[in-house]
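Results of the structural survey
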Amino acid sequence: MKLKAKAKINAVDIAVMALIIFVTVFACHRYLPKSGVSAKKCDIVYCLKVEGLSASFSDKIAVGDKVLNFDDGAEIGTVSKLSPDRPYGHTDESVLYVTVKSSAEDTDNGFLVNGTNISVGNRLQIRFPNLYCEAECIGAEADDS
């Protein structure tokens, strides 16, 4: 009686499958039209909550500083206000609140600023001229002023 040998998956098979999946997802994301996205331009104000920043580092952020997305270097706004003004009812004094103004596209999923999604709850890796940090968006709204 002969036993049949079972096909075994090896590392090369896994790498090829992962490459095929990656190329398919990239092509779909890049070339398929985005449905349901309304691209209305507007000015926005959003607030970033930066936790765990010592006082010596919080001094490295100033009103007027450009805010950049760390991943691609795209400008996502300009600092318009810093703590101690705590917008949206937040009162925790151990964090720094940074209010940012920018131009954006109003979409179904929040605002899009130079390819960066700005919406409540998003965590962003951001750069200022003299500092890198992570922040959470705690408020975003159209600027009517």
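Thresholds applied
- Residues numbered from 1 in each chain as written.
- Predicted model: local features only at pLDDT ≥ 70, side-chain atom pairs only at ≥ 80, totals over all residues.
- Heavy atoms only, no water.
- Helix = DSSP H or I, 4+ residues; strand = E, 2+ residues; numbered from the N terminus.
- Buried < 20%, exposed > 50% of the residue type's maximum accessible area, 1.4 Å probe, protein only.
- Contact = heavy atoms within 4.5 Å.
- Areas by Shrake-Rupley, 256 points an atom, 1.4 Å probe, with all protein chains shown as cover.
- Lys, Arg positive; Asp, Glu negative; His and termini not counted.
- Salt bridge = Lys/Arg side-chain N within 4 Å of Asp/Glu carboxyl O.
- Core = buried A, V, L, I, M, F, W, Y, C linked by side-chain atoms within 4.5 Å.
- Pairing = 2+ DSSP bridges.

1. A look at the overall build of the protein
- The secondary structure content of the protein amounts to two helices and eight strands.
- Overall, the protein shows an N-to-C arrangement of helices and strands of α-β-α-β-β-β-β-β-β-β.
- Expressed as a percentage of the 145 residues in the protein, the buried residues total 29%.
- Restricting to contacts in the protein with at least 6 residues of sequence separation, those with at least 24 account for 59%.
- Carbon and sulfur atoms provide 56% of the accessible area of the protein, an area that totals close to 9900 Å².

2. Points about the side chain of Asp65
- The residue Asp65 is located in the loop between helix 2 (55–58) and strand 2 (66–69) in this model.
- The side chain of Asp65 is buried and forms no salt bridge, while Lys66, the nearest opposite charge, is found at 9.3 Å.
- With near-sequence residues (within four places) excluded, Asp65 lies in contact with Lys60, Gly77, Thr78, Val79, Phe128 and Pro129.

3. Some details on the nonpolar core
- Ile44, Tyr46, Leu48, Val98, Ile118, Ile126 and Phe128 are the most contacted members of the largest nonpolar core, which has 24 residues in total.
- Where this core is concerned, the elements lending two or more residues are strand 1 (40–51), strand 3 (75–82), strand 4 (95–107), strand 5 (110–113), strand 7 (123–128) and strand 8 (131–142).
- Examining the composition of this core, we find that five residues originate from one element, strand 1, more than from any other.
- Among residues more than four places away in sequence, those in contact with Phe128 are Ile61, Asp65, Lys66, Val67, Val79, Val98 and Cys133.

4. A look at the pairing of strand 7
- Every second residue of strand 7 is oriented toward a common face, the buried set being Leu124, Ile126 and Phe128 and the non-buried set Arg123, Gln125 and Arg127.
- Summarising the sheet, strand 2 and strand 7 pair through two bridges and their orientation is antiparallel. Residue pairing across strands places Asn69 opposite Ile126, the latter belonging to strand 7.
- Here strand 7 runs beside strand 8; their pairing, made up of six bridges, is antiparallel. When the sheet's bridge partners are listed, Arg127 is paired in strand 8 with Tyr132.
- Where strand 7 folds back on strand 8, the antiparallel hairpin that results is connected by two residues.

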